[in-house]
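Architecture and fold: a report
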Amino acid sequence: MKKILTILALTTLTISAQAKVRLPHIICDNMVLQQQTDARLWGWAEPGKTVKVTTSWSDQVATAKVGKDGKWLVKVQTPKASYEPLSITFDDGEPLTINNVLAGEVWVCAGQSNMEMPVKGFWMCPVKDYNQVVIDAANHTGVRSVKIPSVMRAEPQDDAPCEWRVCSPNTVGEFSATGYFFARTMHQALNIPIGLIEANKGGSRVESWLTKENLQKYTNDPTDSVEICKRWAKWDYHRSMLWGNGTFNPILNYTVKGILYYQGCSNVGDPGDQYSERMKLLVDQWRSQFGLGEIPFYFVQIAPYAYDDDVNKISGALLREQQYKAAQIIPNSSLVCTNDLVYPYEFTQIHPTQKQQVGERLAYTALNRDYGFEGLLYKSSNYKDMKIDGDAVYIHLDNNYHTDAPFEDIQGFEIAGEDQVFYPATAQHFWREGGGYWDEALKLTSDKVKAPVAVRYCFKNFQLGNMKNGANLPLFPFRTDNW
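Residues numbered from 1 in each chain as written. Predicted model: local features only at pLDDT ≥ 70, side-chain atom pairs only at ≥ 80, totals over all residues. Heavy atoms only, no water.

1. Overview of the overall build of the protein chain
The condition that has to hold: To qualify as a helix, a DSSP run of H or I must reach at least 4 residues; to qualify as a strand, a run of E must reach at least 2; elements of each kind are numbered from the N terminus. The contact criterion used is simple: two residues touch if any of their non-hydrogen atoms lie within 4.5 Å. Surface exposure here means Shrake-Rupley accessible area, sampled with a 1.4 Å probe, where a residue is shielded only by the protein chains that are shown.
Helix and strand counts for the protein chain come out as 10 helices and 21 strands. Dimensions of the protein chain, computed from C-alpha atoms along their principal axes, come out at roughly 105 × 50 × 40 Å. Contacts in the protein chain between residues far apart in sequence, at least 24 positions, make up 72% of those at least 6 positions apart. As displayed, the protein chain has an accessible area near 21,400 Å², and 49% of this comes from carbon and sulfur atoms.

So, in structure tokens, the structure goes:
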């Protein structure tokens, strides 16, 4: 009889455990909800049951009937951002409550290793001023992050083991460095909670995040998981689709403000406009999957690096050119230039140490475009046009905020003649009275080029110029030729 009672008790416990609402790991204590929106909450329960969701900030009750597949989803109106701890209760007959939830701004940190790189750095790859960042972290407990494990899956996943982390001197080292410096700047400017969802993988290609449908329609990449693994047997981080299925798909129900993206190194060498076209394809895909409209997409241009073991080749420069083109064709996007954020000795360092400015520049972009900080200058200058007169080339730049600096010793420009051989150019500020369009420009000359036809600026794998604008932001590398 005792044995029968024990079996009945265990059976009752099993049924109870199965009936209780189950949440995805990302919905848990310490999470940050996107403020003042209809935020999605979801999970699993016994099919046919009704799940009630109540919140500490509202009398409203959201309900959902559990589908045959055991899934449910509700939307709740979130409050204005604040540091007041909130709670949410999910009840299908047995309540489950999560606590210490905050309302704030939520951003996704996507891409490859330069986004994944934590504040504590990688092996042989430190982050500048790490100890000071740790000390300062106590001032930014309103910043929180959740890291989605970087895993491959053959099929899209709807959950991943993870938990939200509250920023502190003991935890900040694990945060994405680029993401954290973005969030820290946002926190300083807005004084509200900032949440980061880190869904990235070092070494991944843009194709690593595309769906099976998009790969089949727009690429020649295999979509069978066995064939994918065969093609990239040596470098698993290059594999198509699988990383998106395992690492990005679990966050797609989450309500976010926008996406930050730092990727491109693994696509160096791609032909033609393939990269810019696939970048747009990826952004369109993610926006469709999130179902939140044309959410902001702010991304980072890859830094100078000796691709192909040669600082003077241009495979890296061509990828940067593709990133610049992508920014022109992706709506509600903006590109951050990092040409000045490497040290001369970092030509073989794929993970430059200066991550603080990268995150800050992303934050300046978001603050200006999305949060009303119109006084913040966030754009890098870019090539506008040129005119050739004798042995000199005169060029104009856009988005320079009325400043082309430095005043003397300008570095990074090259000019070439019909022989297509580029030589370092002497660059000077040029003025001439008369009020004509060309009476103020940058004048480029070289005693080795008597009849110039083309200009390049830092258009090599690793070349550091010093041109900056009125925001102290670097000039985008460019070329006027198509050689």
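Further notes follow.
2. Some remarks on unusual backbone geometry
Defined as follows: Only protein chains enter the accessibility calculation, which uses a 1.4 Å probe. A residue is then buried if its area is under 20% of the maximum for its type, exposed if over 50%, and partly exposed in between.
The residue after A405, namely P406, is reached through a cis peptide bond having omega 10°. For P406, the location among the structural elements is in the loop between β15 (392-398) and β16 (413-416). In the Ramachandran plot, N399 falls in the positive-phi region, its phi being about 55° despite a non-glycine side chain. Looking at the element boundaries, N399 is found in the loop between β15 and β16. N399 gets classed as partly exposed once you look at its relative accessible area, which sits at 30%.

3. A closer look at the sheet that holds strand β17 (residues 422-424)
For clarity, the cut-off: Strand pairing follows a simple DSSP-based rule, namely that at least 2 bridges must link the two strands.
Read across the open sheet, the 4 strands follow the order β17-β16-β20-β21; overall the sheet is antiparallel. On the outer flanks of this sheet lie β17 and β21 (478-479), each paired with one strand and no other. With 2 bridges joining them, strand β20 (residues 454-457) and β21 adopt antiparallel strand pairing. Along β21, the bridge assignment pairs Y457 with F478.

4. A look at the packing of helix α4 (residues 177-190) against helix α10 (residues 356-370)
We count it as follows: To define axes, lines are fitted to C-alpha atoms, for helices over the stretch in contact only, and angles between the resulting N-to-C directions are given on a 0 to 180 degree scale. The labels follow the angle: roughly parallel below 35 degrees, roughly antiparallel above 145, roughly perpendicular from 65 to 115, and oblique for the rest. Crossings are assigned a handedness: left-handed for a near helix turned anticlockwise from the far helix by less than a right angle, right-handed for a clockwise turn.
At a minimum axis distance of 7 Å, the contact between α4 and α10 shows a crossing angle of 45°. Taken together, the axis directions place α4 and α10 in an arrangement best described as oblique. In the crossing of α4 with α10, the sense of the turn from one axis to the other is right-handed. Here T178, F181, F182, R184, T185, M186, A189 and L190 of α4 lie close against α10, whose contacting residues are Q356, V358, G359, E360, L362, A363, Y364, A366 and L367.

5. Description of the state of the cysteines
Here is the rule: Working definition: a disulfide is two cysteine sulfur atoms within 2.5 Å of each other.
Counted by the stated rule, this structure contains 0 disulfides. In this structure C109 is not part of a disulfide, and its nearest cysteine sulfur, from C167, lies 13 Å away. No disulfide involves C125; its sulfur sits 12 Å from the nearest other cysteine sulfur, which is in C265.

6. Thoughts on the pattern of salt bridges
Where we set the bar: The rule for a salt bridge is simple: a side-chain nitrogen of Lys or Arg has to be within 4 Å of a carboxyl oxygen of Asp or Glu.
As enumerated under the stated definition, the model contains 20 salt bridges in all. With a closest N to O distance of 2.8 Å, R479 and E321 form a salt bridge. Of this pair, R479 sits in strand β21 while E321 sits in helix α9 (residues 315-329), placing them 158 residues apart in sequence. On the accessibility criterion, E321 (18% relative accessible area) is buried. Note that K468 and D340 form a salt bridge whose closest N and O atoms lie 3.1 Å from each other. In this pair, K468 sits in the loop between β20 and β21 while D340 sits in the loop between β13 (333-336) and α10, placing the two residues 128 residues apart along the sequence. Ionic contacts of the salt-bridge type, sharing partners, join the residues R205, E207, D221, R231 and R278 into one network.

7. Re α4
Rule in force here: Take the residue count of a helix, subtract one, and multiply by 1.5 Å to get its expected span. Whenever a nitrogen or oxygen atom comes within 3.5 Å of another N or O atom, the pair is scored as a polar contact, on the condition that within protein one atom can donate a hydrogen and the other can accept it, and that pairs from neighbouring residues in sequence are kept only if both atoms are in side chains.
Between its first and last C-alpha, α4 extends 20 Å over 14 residues, near the 20 Å set by a 1.5 Å rise per residue. α4 sits mainly inside the fold: 11 of its 14 residues count as buried. Turning to α4, its buried residues are A177, T178, G179, Y180, F181, F182, A183, R184, T185, M186 and H187. At the N-terminal end of α4, a side-chain oxygen is found 3.0 Å from the backbone nitrogen of G179, two or three residues along, and the residue is S176. After α4 finishes, the residue N191 shows a positive phi value of roughly 55°.

8. Let's talk about the sheet that holds strand β19 (residues 440-445)
What the 4 strands build is an open sheet, ordered β14-β15-β19-β18; its pairing is antiparallel. Where the open sheet ends on each side, the last strands, each with one partner, are β14 (382-389) and β18 (426-431). Going from strand to strand, the sheet's axes swing by 30° on average, the running direction of each strand aside. Pairing between β18 and β19: 6 bridges, direction antiparallel. In the strand pairing of β19, W431 is matched with E440.

9. Some thoughts on the nonpolar core
Cut-off, in case you're wondering: Here, nonpolar core means buried Ala, Val, Leu, Ile, Met, Phe, Trp, Tyr and Cys residues that are tied together by side-chain atoms lying within 4.5 Å of each other.
Within the largest apolar cluster, 74 residues are counted, with the highest numbers of intra-cluster contacts made by I26, V53, W72, F90, I197, F248 and Y261. At 7 residues, the largest contribution of residues to this core is made by helix α8 (residues 274-290). Discounting chain neighbours no more than four positions away, the residues touching F90 are V21, L23, I27, L41, K52, V53, W72, P95, L96 and I98.

10. Focus on the layout of surface pockets
The line we're drawing: Within this scheme a cavity is a closed region of a 1 Å grid, computed over the protein atoms alone, that accommodates a 1.4 Å probe without allowing it to escape, whereas a pocket is open but has protein on both sides within 12 Å along at least five of seven lines; lining residues each have an atom within 4 Å of a point. Grid points are joined across faces, edges and corners, and a volume is the space filled by probe spheres set on the points. Only Asp, Glu, Lys and Arg are considered charged, only Ala, Val, Leu, Ile, Met, Phe, Trp, Tyr, Cys and Pro nonpolar, and every remaining residue, Gly among them, polar.
Space inside the largest pocket adds up to approximately 330 Å³. In this structure, the largest pocket is lined by 17 residues; those nearest its centre are N400, H402, T403, D404 and E440. If you list the elements that add at least two residues to the lining of the largest pocket, you get β15, β18 and β19. Considered class by class, the residues forming the lining of the largest pocket number 9 nonpolar, 5 polar and 3 charged.

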